[in-house]
Amino acid sequence: MPQAWQPASKTRHIDSAGYLSNRTIAALCSPVGGAICVLRVSGGDAIRIASSLTGHEFGATDHRLARRAWIRDSSGKKIDDAVVLPFFGPNSFTGEDSVEFFLHGSPMVAQKVLDACFDQGARLALPGEFSFRAVKNGKMQLSQAEAVKELISAENDFSLELALEKLSGTQHHLVARVREDLLQLCTLSEVGIDFSDQDVDEVSLPRLKGRLKPLLEVLNSLRGSFDRGKRFSDGVPVTIFGLPNAGKSSFFNALLGEDRSIVSNIAGTTRDVVRERLNLKGQGGQVTLKLADTAGLRSSSDRIEEIGIERSLLSARESDLVVVVVDGLNPELPVVKSYLARIPKREDRAFLFVVSKKDQLGLPESERILAEIRHEFQREFQNEFEIPALAVSSQTLQGIHEAGALLADAAVRLLARKPGEVILTRFEHVRAVEQAIETLTRAENAHDAVLFAADLRHAMNDLGPLIGETLPDDVLGKIFSDFCIGK
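So, here is what we can say about the structure in this document.

Parameters and conventions
Residues numbered from 1 in each chain as written. Predicted model: local features only at pLDDT ≥ 70, side-chain atom pairs only at ≥ 80, totals over all residues. Heavy atoms only, no water. Helix = DSSP H or I, 4+ residues; strand = E, 2+ residues; numbered from the N terminus. Contact = heavy atoms within 4.5 Å. Areas by Shrake-Rupley, 256 points an atom, 1.4 Å probe, with all protein chains shown as cover. Axes fitted to C-alpha atoms, helices over the stretch in contact; angles between N-to-C directions. Parallel < 35°, antiparallel > 145°, perpendicular 65-115°, else oblique. Left-handed = near helix turned anticlockwise from the far one by under 90°. Nonpolar A, V, L, I, M, F, W, Y, C, P; charged D, E, K, R; others polar. Phe/Tyr/Trp six-rings, centres within 6.5 Å; stacked < 30°, edge-to-face > 60°. Buried < 20%, exposed > 50% of the residue type's maximum accessible area, 1.4 Å probe, protein only. Lys, Arg positive; Asp, Glu negative; His and termini not counted. Salt bridge = Lys/Arg side-chain N within 4 Å of Asp/Glu carboxyl O. Polar contact = N/O pair within 3.5 Å; in protein donor to acceptor, adjacent residues only side chain to side chain. Pairing = 2+ DSSP bridges. Core = buried A, V, L, I, M, F, W, Y, C linked by side-chain atoms within 4.5 Å.

## Notes on the overall build of the protein chain
Of the regular secondary structure elements, the protein chain holds 18 helices and 12 strands. Considering only contacts within the protein chain whose residues lie at least 6 apart along the sequence, 70% involve residues at least 24 apart. Of the roughly 22,900 Å² that the protein chain leaves accessible, carbon and sulfur atoms contribute 51%.

Here it is as structure tokens:
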């Protein structure tokens, strides 16, 4: 993730307390070099520092009131003509007194204003420390703070939409409801322990175990969403697959618009998987594809080439989209079919057949090969719809735009979500959900109410990484250390 530029003096006033420090912090929260940049100061001395730098005594009536003022260093020398925006806690992003300085975008100006803040006792903020304080002071939930980071790094419409939903609190509210239901069950189970000598059906162990089922369904749905969540944030994996000299690397380069893979008429040129990311516009929005150009498929006595072919098959098996490139001058469809049979078919995997070298084929020949592909593979895919196939020329770029559109639309279909569906995108979150599922499964098999209640409490703690309420400050600090400085 790109960092906002920070000055050479950034090591000044290092605080050994780290994220647990209550010192006033300062950092740039936007890049320098443009028309303006923004510097944020937060903490108990923020208002005093702003008053010292501007010569204006900020009071409660100045809350959220932008003021144009000269910024001066400790010697009184002018640094910049800026706009100053004070926020009085708890009504600020961090929940503390805060000030934002809107400066001219010069790196020199930014450095001098930051140095002036340091001279007044502030220190440079740690990565994500503003967001850390916002979570610590109850201004946002942990999942919302993580959404800020995901929003900044969003590369396509789907990851942007998901980050905005997460920022609105959708994920937090769902997990918090599960945790609240677990707490209620735990309370009832402990009541059942107190009245174990009486026959109270409402708090009986079988009755309470039955109420776990819908909660496990929610958690299992969350766990199952992770693989799709990776498609949103990392991109949909696409493998370009075919025989040697079919035109795979040329097609790969044509899609990218650059010579990324080596192209040669010598069979076996590509020995390893070459990967690149590509953003394409589909009918449902912009998507990110993780393209993989792979070694040509053939029997080979060359061990290095053989390893490359094994990696080609592995890449295809792990991809959601497989582009099968067929040599228009030498289709060899039975051989292509034999290799394609080694890729398991599944509902969430799509195939696109591309006939290469269209510029060297007449229209009747192109249409004949496309018809043969559809006939040959119709039964293979057990699909009542027409097999997606088209002819392209990577030299003249005929059909390349159409192929990209087909890939983008297929990716959009794979990314489609049900209304209100929550998608996990972080490994630590899915791991927490898996641990909670394991703990609740153990609770379903508990022989007495004491063990049942204990497992419920463990499950609530397992969900801590998703909501942050049960995480110690040092764990929160580790999470935020991966954020940008200034966020």
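## Some words on the packing of helix H8 (residues 213-224) against helix H15 (residues 427-444)
The interhelical angle for the contact between H8 and H15, taken along N-to-C directions, is 150°, at an axis separation of 9 Å. With respect to H15, the axis of H8 lies roughly antiparallel. Viewed along their axes, H8 and H15 form a crossing whose handedness is left-handed. In this structure, H8 contributes Leu-216, Leu-219, Asn-220, Leu-222 and Arg-223 to the contact, and H15 contributes Val-430, Val-433, Glu-434, Ala-436, Ile-437, Leu-440, Thr-441 and Glu-444. Residue composition of the contact of H8 with H15, by class: eight nonpolar, two polar and three charged.

## Thoughts on the packing of aromatic side chains
Centre distance and the angle of the planes are the two values used to describe a pair of aromatic rings. Applying the stated rule across the entire model yields three aromatic pairs. With centroids separated by 5.3 Å and ring planes inclined at 55°, the aromatic side chains of Tyr-19 and Phe-132 adopt a geometry described as tilted. Here Tyr-19 is found in the segment before strand E1 (25-28), whereas its partner Phe-132 is found in helix H3 (residues 129-136), with 113 residues between them in sequence. Accessibility expressed as a relative area gives 1% for Phe-132, which makes it buried. Ring plane angle 35° and centroid distance 4.7 Å describe the contact between Phe-353 and Phe-377, whose orientation is recorded as tilted. Here the residue Phe-353 occupies a position in strand E11 (residues 350-355), and Phe-377 occupies one in helix H13 (residues 363-381), the gap between them amounting to 24 residues.

## Examining the side chain of Asp-293
With respect to the helices and strands, Asp-293 occurs in strand E9 (residues 285-293). One buried charged side chain, Asp-293, makes no salt bridge at all; its nearest oppositely charged neighbour is Lys-248, positioned 5.9 Å away. A distance of 2.6 Å separates a polar atom in the side chain of Asp-293 from a polar atom in the side chain of Ser-249.

## Thoughts on the pairing of E1
Looking along a regular strand, one sees side chains alternate from face to face of the sheet. Here E1 shows a buried face lined by Ile-25 and Ala-27 and a second buried face lined by Ala-26 and Leu-28. In this structure, E1 lies alongside strand E2 (residues 36-42), joined through four bridges in antiparallel fashion. The residue bridging Ala-26 from the neighbouring strand is Val-41, located in E2. Judged from the two bridges that link them, E1 and strand E6 (residues 123-124) form a sheet pairing that is parallel. By the bridge assignment, Ala-26 is partnered in E6 with Leu-124.

## As for the sheet that holds E9
Across the sheet, which stays open at both edges, the six strands sit in the order E8-E9-E7-E10-E11-E12 with mixed pairing between neighbours. Strands at the two margins of the open sheet, each flanked by one partner only, are strand E8 (274-282) and strand E12 (389-391). Across this sheet, the average inter-strand angle for adjacent strands is 25°, counted without regard to direction. As paired elements, strand E7 (residues 236-242) and strand E10 (residues 321-326) share five bridges and run parallel to each other. The residue of E10 that forms the bridge with Ile-240 is Val-323.

## Quick word on the sheet that holds strand E3 (residues 67-72)
Sheet architecture is open: six strands sit in the order E3-E4-E5-E2-E1-E6, paired in mixed fashion. Because the sheet does not close on itself, it has two edges, and the strands there are E3 and E6. Across the sheet, helix H1 (residues 46-54) lies against E2, E3, strand E4 (78-87) and strand E5 (98-104), angled at about 35° from E5, the strand it touches most.

## Re the pairing of E4
The buried count for E4 comes to eight of 10 residues, which makes it a mostly enclosed element. By the bridge criterion, six bridges tie E3 to E4 in an arrangement that is antiparallel. Pairing of Arg-67 across the sheet is with Val-84, part of E4. The loop that links E3 with its antiparallel partner E4 comprises five residues; one of these, Gly-76, has a positive phi angle of about 90°.

## Focus: helix H10 (residues 248-256)
Most of H10 is tucked away: nine of the nine residues are buried. Residues Lys-248, Ser-249, Ser-250, Phe-251, Phe-252, Asn-253, Ala-254, Leu-255 and Leu-256 constitute the buried set of H10. As for H10, its buried residues are in contact with E7, E8, E9, E10, E11 and helix H14 (400-414). Looking one or two residues beyond H10, the residue adopting positive phi is Gly-257, at roughly 75°.

## Overview of the nonpolar core
Core analysis: the largest hydrophobic core is formed by 35 residues, its most contacted members being Phe-251, Val-287, Leu-289, Leu-291, Leu-321, Val-323 and Leu-407. Taken together, the elements giving at least two residues each to this core come down to helix H5 (157-167), E7, H10, E8, E9, E10, E11 and H14. The greatest single-element share of this core, amounting to eight residues, is contributed by H14. Residues within four places of Leu-289 in sequence aside, it is in contact with Val-236, Val-238, Glu-276, Arg-277, Leu-278, Leu-280, Leu-321, Leu-407 and Ala-411. Ranked by size, the runner-up nonpolar core spans 34 residues in total, among them Val-32, Cys-37, Leu-39 and Ile-79.

## Quick word on unusual backbone geometry
Of the consecutive residues Gly-89 and Pro-90, the connecting peptide bond is found in the cis state with omega at 5°. Considering the arrangement of structural elements, one finds Pro-90 in the loop between E4 and E5. Even without being a glycine, Arg-64 presents a positive backbone phi close to 60°. Among the secondary structure elements, Arg-64 is positioned in the loop between H1 and E3.

## Here's the deal with the packing of H10 against H14
For any two helices packed against each other, the geometry comes down to the angle between their axes and how far apart the axes lie. Contact geometry for H10 and H14: axes closest at 10 Å, N-to-C directions at 85°. Between H10 and H14, the angle falls in the class roughly perpendicular. Facing Phe-251, Ala-254 and Leu-255 of H10, the residues of H14 in contact are Ile-400, Ala-403, Gly-404 and Leu-407.

## Considering the side chain of Glu-96
Relative to the helices and strands, Glu-96 resides in the loop between E4 and E5. At a separation of 2.6 Å, a polar atom in the side chain of Glu-96 contacts the side chain of Ser-42. Engagement of the side chain of Glu-96 in a polar contact is seen with the backbone nitrogen of Gly-43, the distance being 3.4 Å. Excluding residues that lie within four positions of it along the chain, Glu-96 makes contacts with Ser-42, Gly-43, Phe-87, Phe-88, Gly-89, Arg-133 and Asn-137.

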